[in-house]
Each structure stands twice: as C-alpha cells, then as structure tokens.
Amino acid sequence: MKVEFQKKFIWGCAISAFQTEMGASEEAKFEGTDWYQWTHSEEIKNEGLVSGDLPEEGDGFYDLYRTDINNARSLGCNAFRLSIEWGRLFPNSTESIPCEVKKGNHGEILDVTMDEDSIRMLGSMVNKEAVKRYKEILTYIRSMGMKVFLTAYHWPLPSWLHDPVECHKDIDSCRKRGWLDEKTIIEYAKYVYYIAREFSDLVDVWETINEPEVIASQGYFLGPTSGFPPAVSNILLAMMVEKNLSLAHSVAYRIMKKEDKGKEVGIGFAFQYFEPATAGERDKKATEFVRYMSNEWILNLIVKGLLDEDGDGVAETHLDLPGTDYIGLDYYQRVRVSAGPEFESNPFDFKFEDCLDCTDFKWDIYPQGLENVLSLLYEKYGKPIYILENGIADERDEKRGRYIEEHIKFMAKAMAENKIPVLGYFHWSIIDNFEWADGFSMRFGLFGVDYKTKERVRRRSADVFERICKRGFIDV
Ligand code: BGC
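Report on the accompanying structure. (Residues numbered from 1 in each chain as written. Predicted model: local features only at pLDDT ≥ 70, side-chain atom pairs only at ≥ 80, totals over all residues. Heavy atoms only, no water.)

**Brief notes about the packing of aromatic side chains**
Note the cut-off: For Phe, Tyr and Trp, rings pair up if their centres lie within 6.5 Å, where Trp contributes its six-membered ring, and each pair is then called stacked (planes under 30 degrees apart), edge-to-face (over 60) or tilted (otherwise). Only DSSP runs of H or I with at least four residues qualify as helices, and only runs of E with at least two residues qualify as strands; both kinds are numbered from the N terminus onward. Note on classification: 1.4 Å probe, protein chains only; a residue is buried when its accessible area is under 20% of the maximum for its type, exposed when over 50%, partly exposed between these limits.
Scanning all chains against the criterion turns up 42 aromatic pairs. Note on Trp155 and Phe228: the rings are 5.4 Å apart at their centroids and 65° apart in plane angle, and the pair reads as edge-to-face. In this pair, Trp155 is assigned in the loop between β6 (147-153) and α8 (164-169) and Phe228 in the loop between α11 (223-226) and α12 (235-259), connecting sequence segments 73 residues apart. Phe228 shares its class with Trp155; the two are buried. An aromatic cluster is present here, built from Phe18, Trp35, Trp155, Phe228, Phe434, Trp436, Phe440 and Tyr451 joined pairwise through their rings.

**Things to note about the nonpolar core**
We apply this condition: For this analysis, a nonpolar core means a set of buried residues of the types Ala, Val, Leu, Ile, Met, Phe, Trp, Tyr and Cys, connected via side-chain atoms within 4.5 Å. Note on definitions: a residue-residue contact is assigned when non-hydrogen atoms from the two residues lie within 4.5 Å.
Counting residues in each nonpolar core, the largest one holds 147 residues, and the members touching the most others are Leu89, Trp179, Tyr188, Met411 and Phe465. By residue number, the principal contributor to this core is α12, which donates twelve residues. For Phe465, the residues in contact, after removing those within four places along its chain, are Trp11, Gly12, Cys13, Leu75, Cys77, Ile404, Ile408, Tyr425, His427 and Leu446. By size, the runner-up hydrophobic cluster in this structure holds 18 residues, among which are Ala14, Phe149, Leu388 and Met442.

**Regarding helix α15 (residues 400-417)**
In an α-helix, one full turn covers 3.6 residues, which means residues spaced three or four apart are oriented alike. Our working definition: Any helix carries an expected span of 1.5 Å times its number of residues minus one.
Taking 1.5 Å per residue, 18 residues should reach 26 Å; α15 reaches 26 Å between its end C-alpha atoms and fits that length. For α15, a buried count of 13 out of 18 residues is recorded, marking the element as mostly surrounded by other parts of the structure. The positive-phi residue at the C-terminal boundary of α15 is Lys419, with phi of around 55°.

**Quick word on the site of the ligand**
Condition: Any residue with a heavy atom positioned within 4 Å of a molecule or strand is treated as near that molecule or strand. Counting of polar contacts relies on pairs of N or O atoms within 3.5 Å, with two restrictions inside protein: one atom must be capable of donating a hydrogen and the other of accepting it, and residues adjacent in sequence are counted only when both atoms are side-chain atoms. Areas reported as accessible are Shrake-Rupley estimates using a 1.4 Å probe. Residue values count occlusion only from the protein chains shown. Nonpolar residues are Ala, Val, Leu, Ile, Met, Phe, Trp, Tyr, Cys and Pro. Charged residues are Asp, Glu, Lys and Arg, and all others, Gly as well, are polar.
Every residue close to the ligand is listed here: Gln19, His154, Trp155, Asn210, Glu211, Tyr332, Trp363, Glu389, Trp428, Glu435, Trp436 and Phe444. One of the side-chain nitrogen or oxygen atoms of Asn210 is found 3.0 Å away from an oxygen atom of the ligand. Tyr332 has a polar side-chain atom sitting 3.4 Å from an oxygen atom of the ligand. The protein chains hide 95% of the 310 Å² of surface that the ligand would expose on its own. Taken together, the residues of the shell around the ligand break down into six nonpolar, three polar and three charged.

**Comments concerning the state of the cysteines**
What counts is decided by this rule: The definition used for a disulfide is geometric: two cysteine sulfur atoms within 2.5 Å.
Taken as a whole and assessed by the stated rule, the structure comprises two disulfides. Put simply, Cys167 and Cys174 are joined by a disulfide, and their sulfur atoms are 2.1 Å apart. Taking the torsion about the S-S bond as the criterion, the Cys167 to Cys174 disulfide, at about 90°, is right-handed. Of the two residues, Cys167 and Cys174, neither departs from the other in class, the shared state being buried. Between the sulfur atoms of Cys355 and its disulfide mate Cys358 the distance is 2.1 Å. Taking the sign of the S-S torsion, 105° for the link of Cys355 and Cys358, the bridge is right-handed.

Structure, rendered in structure tokens:
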C-alpha cells in the first residue's frame, strides 16, 4: 500500500539548547544551570554518575546554527524543533517580581497572572544579548522556509532554582529544590510570560515541556543508574515532581494561549512500547502497571485533570486544568517487562529485560511499537499527535537508515489504517550532541560531528530521510 502524506505534513529535525549550544565561542558558554553544575562536579564524576564529558566542548550551535539549519533544509525538512535556555535568558532570580497565583481547592497552583508592570520588570532583567541571538536563530529558520517548533523547557533549570549536587547529598534538607518546590512553577510561569510575548512572531508551534515524566523518573526514581540530577530514588518524590511539572505545563498553556493567540500549544512525552517479557499473567500485570505509571498517570492528569496521588490506579482528585492541543510523542524503543519475586506485595518489583535488536545505547529497536503507542494514545486521549522525536544512537550508521524507514512506515500505517491524526515527524537529531549523563559517546545525528573541528559530516542514513521527506509518500 502506498501512503501519501499531505502537503502540510510536518517533516523536521529536533535538537535542544543544552545539548547543542555550547562549543564554539566564549559567548556560547553558559554556566548557570543545574545540568552544567552537575556535569562539572568532581563528586558527581567520581561517583560515576556522569561521563566526564563537558557540554562546552559541544556542537557550538549557538554560533554555527546556519550550518545545521541549512543541512535540515537540504534534507527537505519544512520545520525545525529546538529549545531555548531559561537560565540563559534569566541568569538571575526573578522571584522578586510580583505575580498573582491562583490555587485550587486542594492547594494546587492552577494559574499565574502578571500585570503589565511586572512583565516590564521581566524585560528589564532579561539577558538582552541572548534574546537577540535567539531571535536571529528563529528568524533564520523562518527565512529558510521552515516552521519553528519551540520548546520552552528541555531540562536544565537555572542554578538559582536548583542545586542538584546539594540535593543529591541531602534531598530532605537541600535549599534549592528545583521541581520538588512549587515555587519553580511560579518562576517558570514568569519565564513563559516573557517568551510567549517576545518570541510570538517567530514561533509556529509551542511545546511547554519536554518529557516531564523523564525528568521525574530518571532524576528521582532511577537516578542512581540514569545519572540524571539529583540522582535519588524515591517514588513519592518522583510523583511530586511529575505533578509539579504537569501543573507547570497547565499554567504555561494558559499563558501561551493568552499571550500568543491562535498558536498550537502542547507537551511532549517519551513513551516507549511496553511488552510483557513472557505470556505469563504476572509479567502481563507488571507491564500494565509500568505502562500506567509511565504513560497514563501523567496523561490522565494533564489531559483530563485526574490526579491519582498514590498511584493505585484511581484518581482521588479532579483538577480544573486546561489540557493540551496536541500530544508530542518521542518514541525510541520497546521495553520488555518482567515481574520480580515480590511483585504481588510491591508493584515496583519489576525488571526491564535486555534488548534483542540493540542500539549503541542498548535500547531495543521495535518499529511496530510506534503504531501500537499511537493507537493507544489516540484511543484514550483523542488528541492529534506530533512525533517530536524518533532516532537512534548508532555511531557506525549501520542501523539508522532502516530504523528511519521502518518507523515512518509504521507511523504511515497507523495514519492510513487506523485514521490516527499524526501531524508531523521530527528526527532526533540533525547532529550528534551532548547526551546528558552519557556525554558525547551516544551519536544520534543524521550528521556526525567532529567535536574538535566542529565539522559536520553527513551520514549515509540522511539519504533515507531526505528521500522520504522529499517524495512525500511511503510504501508500507
Ligand atoms: C530527549 C533528548 C535525548 C533523546 C535521546 C529524549 O528523551 O528529549 O534530549 O537526547 O531522548 O536519549
């Protein structure tokens, strides 16, 4: 069957600020985030939580952006997804700027409003050089005939809000607590006020937050193995962070809708395809539990306002949240789940099995899973979907071409056979970049990067992506 994509279908490549900006000029180097501190801390390096690679030795997109944007355009992309760095725009605390916080019956922050004087105060505090550079970058994307998909927040927090090293050492009494503290929602709202107004002319689609559930699970539940700040393991804290991020999305959604009328505003999640490791009942139950906690818990909250405080599968509270215009799906892999010996008394006693068809990251390649996740999302939540990320760590470029082709086929199948409204596909990534705790070892780029010379080298798999983007159809 031949599936034709509509002319307005979005084909794009994605990057994020922290992972690509630094590396060329001194000006591009920005030290004021928790991730910068985390990757430089000798203690954290000695504990083996991070690779030791340094983000300031990276791609240098802040200066070399034209090259990467041109390369994306040359592949036939009609959109480019990137993020801007909150801390770079507001290197100093905005806490003294007044705003009004509206809370619901249960004390949750539901809305933050600012008057014109307060918004002007933000304007006097902002780093004007950074605003200028970001505007140049967004303008350049537009001038190349591509739409701008802008992510407001892709993981690093300003240092004035989070001290990840102190929190790693003592999570109960650290002072700058990041997303554990609801004050971070309020400060995020101020930042969003500023960017929604200042960049509105240059943005086509907004994404409030990249993968809130990953920030929560990798930082606060799987921290000791993932190496994500603050690298602790406490399910209650992880749920608190996930809840605060969901409220932050909701507050940002309201602000973006008000300040930048008519634009689509959504949020992205990294949802994997969870599959029981065996046909046994216990593994099936464990898989259901993992799927619920990883995917549905947060979507029920964000899309339907249903808050399940204790993770027992039943929502205790209904919050008045505005939802989302679209769901962003970042799909990478299948995860096979098996129940541990204590699973009946402790549902968190489960295990993820090793990959069968592995990427360099030891993630399990499983393109069919994309069709499955798309169907699940659409059946339960009924929202249009953008695939905001899909890609593979594959330094030798042996599997990437097939990976791209197969995933796009399953996406096309879901669109054609199950009528799922997928509006676009972004490849992660246009260039190799700084892979968080793993540094430069994982190479996701359609273009490889020589980190010494900053040269971009096109990989052969880019041909596959280019062919699909330019032809506008695929045989499935
Ligand atoms: C994140 C990216 C990351 C990619 C590959 C996504 O979950 O948004 O920042 O580089 O996965 O790990």
